[in-house]
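So you can see what is in the structure, the chains are spelled out below.
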Amino acid sequence: MPLAAHAAPTLEQSRFTDLNAKPATTAAYKGKVTVLNFWATWCGPCREEMPMLNGLRKKLAPKGVEVVGVALDSKEQVEPFVKQLKIGYPILLGNDDTLDLMRSLGNKTGGLPYTLVLDRSGKVAAALTGKLDEKRLETAIKPYL
């Protein structure tokens, strides 16, 4: 088998599910600047940045910005967590390929949180590792508004 057959899926090829178990892809967000935040319920820095992501979404939604969380957890762990933190942005559930996807998108260690800024055409415009503050994230988003 050729080596390419073992390559991680691209972001465009990746399939996720939403919390209602419906299939979801990042293509649904084309036309918007999308903040794609990979996280897990057991990740302290992930939990700490989520209220900021919630606020940033409210602030920048009128400019065409969407925040999307990709959880590396099960639905049973994620649902109560999202309700508890009152997360208002879409949450997708990762799958067995998500860690490979993150690595192929620049997160070589697989650490969380990991955030991508996608331009309006869905291409990766910025990759940010670790806990974000609003200023750092807004600086990464601004050129694509």
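Here, every reference points to the structure presented above.
Residues numbered from 1 in each chain as written. Predicted model: local features only at pLDDT ≥ 70, side-chain atom pairs only at ≥ 80, totals over all residues. Heavy atoms only, no water.

A. Just the overall build of the protein, in detail. Regarding its fold elements, the protein presents 4 helices and 7 strands. Reading the protein from its N terminus to its C terminus gives the helix and strand order β-β-β-α-β-α-β-α-β-β-α. Here the C-alpha atoms of the protein give a radius of gyration of 14 Å, agreeing with the 15 Å that 2.2 N^0.38 yields for 145 residues. Each principal axis of the C-alpha distribution contributes one length, and for the protein these read about 50 × 35 × 30 Å. Buried positions account for 44% of the 145 residues belonging to the protein. (Helix = DSSP H or I, 4+ residues; strand = E, 2+ residues; numbered from the N terminus. Rg over C-alpha atoms; globule rule 2.2 N^0.38 Å. Buried < 20%, exposed > 50% of the residue type's maximum accessible area, 1.4 Å probe, protein only.)

B. Spatial organisation of the state of the cysteines. Using the criterion set out here, one finds 1 disulfide in the structure. Between the sulfur atoms of Cys 43 and its disulfide mate Cys 46 the distance is 2.2 Å. The disulfide joining Cys 43 to Cys 46 has a torsion of about 80 degrees about its S-S bond and is therefore right-handed. Taking the relative accessible area as the measure of exposure, Cys 43 reaches 4% and is therefore buried. (Disulfide = S-S within 2.5 Å.)

C. Here's a closer look at unusual backbone geometry. That bond from Leu 112 to Pro 113 is cis: its omega, -5 degrees, falls within 30 degrees of zero. Mapping Pro 113 onto the fold places it in the loop between helix H3 (98–104) and strand E6 (114–118). Phi at Ala 21 is positive, roughly 65 degrees, even though this residue is not glycine. Note that Ala 21 resides in the loop between strand E1 (16–18) and strand E2 (23–24).

D. Molecular detail of helix H4 (residues 134–141). Taken as a whole, H4 has its buried residues at Leu 137, Ala 140 and Ile 141. Seen along its axis, H4 keeps its buried residues to an arc of 100 degrees; they face one direction. What points out from H4, more than 90 degrees from its buried face, is the exposed set Lys 135 and Thr 139. Considering only its buried residues, H4 is in contact with strand E3 (33–39), helix H1 (44–60), strand E4 (65–71), E6 and strand E7 (124–129). Sitting at the amino-terminal end of H4 is Asp 133, which places a side-chain oxygen 3.1 Å from the backbone nitrogen of Lys 135. (Arc of directions from axis to C-beta. Contact = heavy atoms within 4.5 Å. Polar contact = N/O pair within 3.5 Å; in protein donor to acceptor, adjacent residues only side chain to side chain.)

E. Highlighting the sheet that holds E4. With mixed pairing, 7 strands are arranged side by side in an open sheet as E2-E1-E5-E4-E3-E6-E7. In the strand order of this sheet, the two ends are held by E2 and E7, each with one partner. Seen against the sheet, H1 touches E3, E4 and E6 and runs at an angle of roughly 165 degrees to E3. In this fold helix H2 (residues 75–85) packs onto E3, E4 and strand E5 (91–93), with an angle of close to 170 degrees to the strand it touches most, E5. (Pairing = 2+ DSSP bridges. Axes fitted to C-alpha atoms, helices over the stretch in contact; angles between N-to-C directions.)

F. Seen up close, the pattern of salt bridges. Scanning all chains against the criterion turns up 4 salt bridges. Two residues, Lys 131 and Glu 48, come together in a salt bridge whose shortest N-O distance is 2.9 Å. In this pair, Lys 131 is assigned in the loop between E7 and H4 and Glu 48 in helix H1, connecting sequence segments 83 residues apart. According to the relative accessible area criterion, Lys 131 is partly exposed, its value standing at 42%. Across the pair Glu 66 and Arg 57 runs a salt bridge, and its minimum N-O distance is 2.5 Å. For Glu 66, a relative accessible area of 7% gives the class buried. By relative accessible area, which is 23% here, Arg 57 ends up partly exposed. Among the ionic contacts, a cluster of salt bridges with common partners joins Lys 59, Glu 134 and Glu 138. (Salt bridge = Lys/Arg side-chain N within 4 Å of Asp/Glu carboxyl O.)

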